[in-house]
Each structure stands twice: as structure tokens, then as C-alpha cells.
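What follows is each chain in one-letter form.
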Amino acid sequence: MSGLRIGVLGASRIAENAIVEPARMLGHRLVACAARDRGRAEAFASKHGVERALPSYQYLIDDPDVDVVYNPLANSLHAPWNLAAVRAGKPVLTEKPFARNRTEAAHVAEVASAQGVTVMEGFHYLFHPVTRRLQQLLSEGTLGELRHVEVVMRMPTPAPTDPRWSLELAGGALMDLGCYGLHSHRLLGSWAGGSPRIVEARAVERFPGIDETFDVDLEFPNGATGASLNSMIHPAHQFTLTLFGSKGRACAHNFIEPHQDDRITVTIGSDTTVENLGTRSSYTYQLETFAEHLTEGTPLPIDADDAVANMTMVDEAYRAAGMSPR
């Protein structure tokens, strides 16, 4: 296939940045969308140029014109509809988190492996030059030995009706924001002797079982430390990733939204330089890589097993904070 024929589950706000614009830029077709009610699907289709609005999620899964499914539904609906797409033989690009918990994630991964169907969790930051440059600074020794990692994920308070405040929909700060921090730390384990372990976790609950802030302290096998700091009640957005090495440090000022701020500030001794890595969307890089995998067989940097490993750490963090996994 020269271009993907993509079906979009739901009519979420994130879809415009995560799939609509990237598909338009890369020449892929948005052939169908479905939402909880037909009216929402029709409005979404009209606004974003989707070819058809379908009456239900299952209609979209079953539609023979849909090659690939994009799933940006509420967290609790990721695993069930990823599973439905996989069983229909259709690759899935799913928003994070991959599932509510490790058990769900492992089930989806097992079925996907048995069916030979690709399911990829949308950690889009991984595909942008900002992230690749941070890794390069470690690989080439510019920062020296990795000593500490700090990932800050903070945002203003969502509306009271937002799904992120719903336990039933698997909301919470760790699920929505902290999954990025844990994923970043796990990937950086390549420069610190392996995957980190959770040392301590602290949460403040807005409602029973729903964390409004969630902080995790980690330690790598080589002795390096890490911190994942997450808040859904902050005055402003703050999405930074900072690496501290034996020779210096590097900070990505907005590693989640590099199209808004593509700076990396590198400090070695008394010398500070600022690098700009480009404001092309990380979601565009992600879809480009995903499409190349499906059409040309090029490898992906993460797979369903990575998603299971990340959900395992999310569950461990909840337990460490005295809470129950989703």
C-alpha cells in the first residue's frame, strides 16, 4: 500500500495533533471514524476531513476499508479495543498508556504476537530529534557517565468532568503523565547498566484512588538516580527531561511538545550552548516510522513487550505509593 487507510476510534482532542495533521502531511487517508454517538463522529469527520463517520467502534474495526486503527480512547478502553483490532488482523497505533495494568497489557501483547499483528504504544517523544540528540550526548560521552535523570510532567488542572479524574476510566496523574517519565527512565537504562528500580513513590489523591500528583524516585544498576515528577494541578505546562552526567548536563525544555519548543540546553563546565532540533511534530515522526514499518518492514524502536514492561512499572509505582493498580 502506498498510503495507510486509517480508522480513528473516538473523537478525542488529542487526535487532531496525534493523527489528523500527521496523516495529512504524510499523505495517508483518514477513511473512517467512530464515536460514542454518531453525531460526535459526524462532527469530527466534518471538521477534520475524515471520509466517513461510522455508527460504532465495532463497525470501524470490521470495516474492510480500514487498514490501520488509531486508538485515542479513554485509558480503560485502550486494551479492549486494541484487542478487538488485533483479532481483526489490523495493526494498531494506540495512545498511552497501553492498558489499565500489566495483566491487560500482557494479554494484548500475547494475542498480537500469536496473530502476527503490530501494536505500538504512542510514546511519540521517542521519535523526535530532541530525544535522539539526548541519547547521542550520552553515547558520544559529552555528558560523561549518567548520574541522574529528572523528568517533570506538570499541567494545569483538567475540568471536573475530564476522564483523567475518573477511576472507572483509569485516570490519574501517573497514568496520564507519569507513564512518560517511567518510559524515559527505562529507555535511558541503556546508559546506566539496565532498567531502573523504584525506590519510593508518593501520591496525593484528589479523590479515592485518583492521584492528582505522583512522584517516583528511581535507581539504576550503575548507581545513577532518577526522579519522575508529575502533577495535574500545576499553574502551567512543564514537560522537561534533564540528564545529569559526570561532565555536564542537558535539558530538553519541552520533550513532549518539541513543536512548541525544540531547545536542548547543554552545559559542560562553564560553557552553555543551546541547540534547536526542529519543530516538526513528534507525532509526524511517529506516524512516519509506524507507516514505514507496516509498508516496508523497517524495525520499530519499541514493541508490545516494551508496553508490557512499562505497565509493569506503572503498577509497581502505584503499589509503592500505597495505592492499587488500575
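Residues numbered from 1 in each chain as written. Predicted model: local features only at pLDDT ≥ 70, side-chain atom pairs only at ≥ 80, totals over all residues. Heavy atoms only, no water.

Peer 1: What exactly am I supposed to notice about the nonpolar core here?
Peer 2: One broad rule of soluble globular proteins: the nonpolar side chains tend to lie buried together. Ranked by internal contacts, the top residues of the largest apolar core, which has 107 residues, are Ile-6, Ile-19, Phe-98, Phe-214, Leu-243 and Phe-255. In this structure Ile-19 touches Ile-6, Val-8, Leu-30, Tyr-70, Leu-93 and Leu-287, once residues within four positions along its chain are discounted. (Core = buried A, V, L, I, M, F, W, Y, C linked by side-chain atoms within 4.5 Å. Buried < 20%, exposed > 50% of the residue type's maximum accessible area, 1.4 Å probe, protein only. Contact = heavy atoms within 4.5 Å.)

Peer 1: Would you explain helix α7 (residues 173-188) in this entry?
Peer 2: Each turn of an α-helix holds 3.6 residues, which means side chains three or four residues apart point in the same direction. An ideal rise of 1.5 Å per residue puts 22 Å on 16 residues; α7 measures up with 22 Å between its terminal C-alpha atoms. Along α7, the helix axis deviates most sharply at Cys-179, where the bend reaches about 40 degrees. Extensive coverage of α7 is indicated by the burial of 15 of its 16 residues. (Helix = DSSP H or I, 4+ residues; strand = E, 2+ residues; numbered from the N terminus. Expected span 1.5 Å × (residues − 1). Bend = angle between axes of the 7 residues up to and from the residue.)

Peer 1: Help me understand the sheet that holds strand β3 (residues 53-54), please; the structure alone is not making it clear to me.
Peer 2: Backbone hydrogen bonds are what pair the strands of a sheet, in a parallel or an antiparallel way. As summarised here, the arrangement of the six strands in space is β3-β2-β1-β4-β5-β6, forming an open sheet in which the pairing is parallel. Of all strands in the sheet, those with a lone pairing partner are β3 and β6 (119-121), marking the two edges. (Pairing = 2+ DSSP bridges.)

Peer 1: What am I meant to see in the sheet that holds strand β12 (residues 248-252) here?
Peer 2: Strand order in the open sheet made by the eight strands is β8-β9-β10-β7-β11-β12-β13-β14, with mixed pairing throughout. In the strand order of this sheet, the two ends are held by β8 (197-207) and β14 (271-276), each with one partner. This sheet shows a mean twist of 10 degrees between the axes of neighbouring strands, independent of strand direction. Here α7 sits on the sheet and contacts β7 (146-154), β9 (210-219), β10 (225-231) and β11 (238-245); the angle it forms with β10, its principal contact strand, is near 160 degrees. (Axes fitted to C-alpha atoms, helices over the stretch in contact; angles between N-to-C directions.)

Peer 1: Would you mind showing me how to read the packing of aromatic side chains here?
Peer 2: Centre distance and the angle of the planes are the two values used to describe a pair of aromatic rings. Under the definition given, this model contains seven aromatic pairs. Each ring, one from Phe-123 and one from Tyr-180, has its centre 5.4 Å from the other, and the planes form 75 degrees; the classification is edge-to-face. Note that Phe-123 is positioned in the loop between β6 and α6 (129-139) and Tyr-180 in helix α7, a separation of 57 residues in sequence. A relative accessible area of 4% places Tyr-180 in the buried class. Measuring from centroid to centroid gives 6.2 Å for Tyr-125 and Tyr-180, while their planes differ by 70 degrees, and the two rings are edge-to-face. Residue Tyr-125 is found in the loop between β6 and α6, and its partner Tyr-180 is found in helix α7; the two are separated by 55 residues along the sequence. Exposure remark for Tyr-125: the relative accessible area of 2% places this residue in the buried category. (Phe/Tyr/Trp six-rings, centres within 6.5 Å; stacked < 30°, edge-to-face > 60°.)

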